[in-house]
Amino acid sequence: MAGTNTTKFFAECKEQSEVKTTIVEKYFYAWAKIIVSTLQKHSSSDDRIAYIDLFAGPGRYEDGTISTPIRVLQTIIQDPLLSGRTVTIFNDRDPKNAANLQRAIDSLNGVEKLKFKPYIQNLEVGDEIAPLAVGLHAAVGRAREPVVDPHVEERASRSVGDDPAEIMRRRA
């Protein structure tokens, strides 16, 4: 997000951010339920799924509104099928945002229900983070169709030089 002032962005939740968060949260839940149902039907020994947010932010806007990572985690926590299967990986290049996100996650009601503790990293999206996507199978088993925010996909494509959805489909 070169040239973007993330401090200003996270000062107040704008309507378009709330709409985006709602879409991502609902889409993730629908996608996850379908994938988990399919995994149950095929009695997979590895039934983990993943949610990855490469531009996660601090978890809360300064006005107190929770942002996408926390809303998605709340959705996961509320569903026992998801809380026992979902690996979550969050990234923000700003160390302050990453630290604030960790605090927001730690303060979530029910966070102890998550089988896999959320993983937070602090990297610039680019070559350093590409191995995370390529190596996703190590964290969640077989490659599965990812949930990719189109805005994030476009930014990451410019940084990584490849389509993130395609990177996540590759097998090492």
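Residues numbered from 1 in each chain as written. Predicted model: local features only at pLDDT ≥ 70, side-chain atom pairs only at ≥ 80, totals over all residues. Heavy atoms only, no water.

## A look at the sheet that holds strand E3 (residues 119-121)
With parallel pairing, the 3 strands of this open sheet are ordered in space as E1-E2-E3. The open sheet is flanked by strand E1 (49-53) and E3, the only strands paired with a single partner. Between one strand axis and the next, the sheet turns by 15° as a mean value, whatever way the strands run. Pairing geometry for E1 and strand E2 (residues 86-91), over 5 bridges, is parallel. When the sheet's bridge partners are listed, Ile-52 is paired in E2 with Ile-89. The strands touched by helix H3 (residues 68-78) are E1 and E2; relative to E2, the strand with the most contacts, the crossing angle is about 170°. (Pairing = 2+ DSSP bridges. Helix = DSSP H or I, 4+ residues; strand = E, 2+ residues; numbered from the N terminus. Axes fitted to C-alpha atoms, helices over the stretch in contact; angles between N-to-C directions. Contact = heavy atoms within 4.5 Å.)

## Some thoughts on the environment of Asn-91
With respect to the helices and strands, Asn-91 occurs in strand E2. According to the relative accessible area criterion, Asn-91 is buried, its value standing at 1%. (Buried < 20%, exposed > 50% of the residue type's maximum accessible area, 1.4 Å probe, protein only.)

## Some remarks on the packing of H3 against helix H5 (residues 95-106)
Two quantities define a packed helix pair, namely the angle between the helix axes and the distance between the axes. Where H3 meets H5, the closest approach of the two axes is 10 Å, and the angle between their N-to-C directions is 25°. Classified by the interaxial angle, the pair formed by H3 and H5 is roughly parallel. Viewed along their axes, H3 and H5 form a crossing whose handedness is right-handed. Residues Pro-69, Ile-70 and Leu-73 of H3 pack against Leu-101, Ala-104 and Ile-105 of H5. Partitioning the contact of H3 with H5 into residue classes produces 6 nonpolar, no polar and no charged. (Parallel < 35°, antiparallel > 145°, perpendicular 65-115°, else oblique. Left-handed = near helix turned anticlockwise from the far one by under 90°. Nonpolar A, V, L, I, M, F, W, Y, C, P; charged D, E, K, R; others polar.)

## Examining the nonpolar core
Counting residues in each nonpolar core, the largest one holds 26 residues, and the members touching the most others are Phe-28, Ile-49, Phe-90 and Ile-105. Elements supplying a minimum of two residues to this core: helix H2 (15-41), E1, H3 and H5. Among the elements that line this core, the one with the most residues is H2, at 7 residues. Membership of the second largest hydrophobic core comes to 7 residues, among which are Ile-52, Phe-55, Ile-89 and Val-125. (Core = buried A, V, L, I, M, F, W, Y, C linked by side-chain atoms within 4.5 Å.)

## Thoughts on the pattern of salt bridges
This structure, assessed with the given rule, holds 3 salt bridges. Here Asp-79 ties to Lys-33 by a salt bridge, and the two come within 2.8 Å at their closest N and O atoms. Of the two residues, Asp-79 sits in the loop between H3 and helix H4 (80-83) while Lys-33 sits in helix H2, which places them 46 residues apart along the sequence. Between Asp-47 and Arg-85 there is a salt bridge, and its shortest N-O distance comes to 2.9 Å. Note that Asp-47 is positioned in the loop between H2 and E1 and Arg-85 in the loop between H4 and E2, a separation of 38 residues in sequence. Given a relative accessible area of 24%, Asp-47 falls into the partly exposed group. Assessed through its relative accessible area of 12%, Arg-85 is described here as buried. (Salt bridge = Lys/Arg side-chain N within 4 Å of Asp/Glu carboxyl O.)

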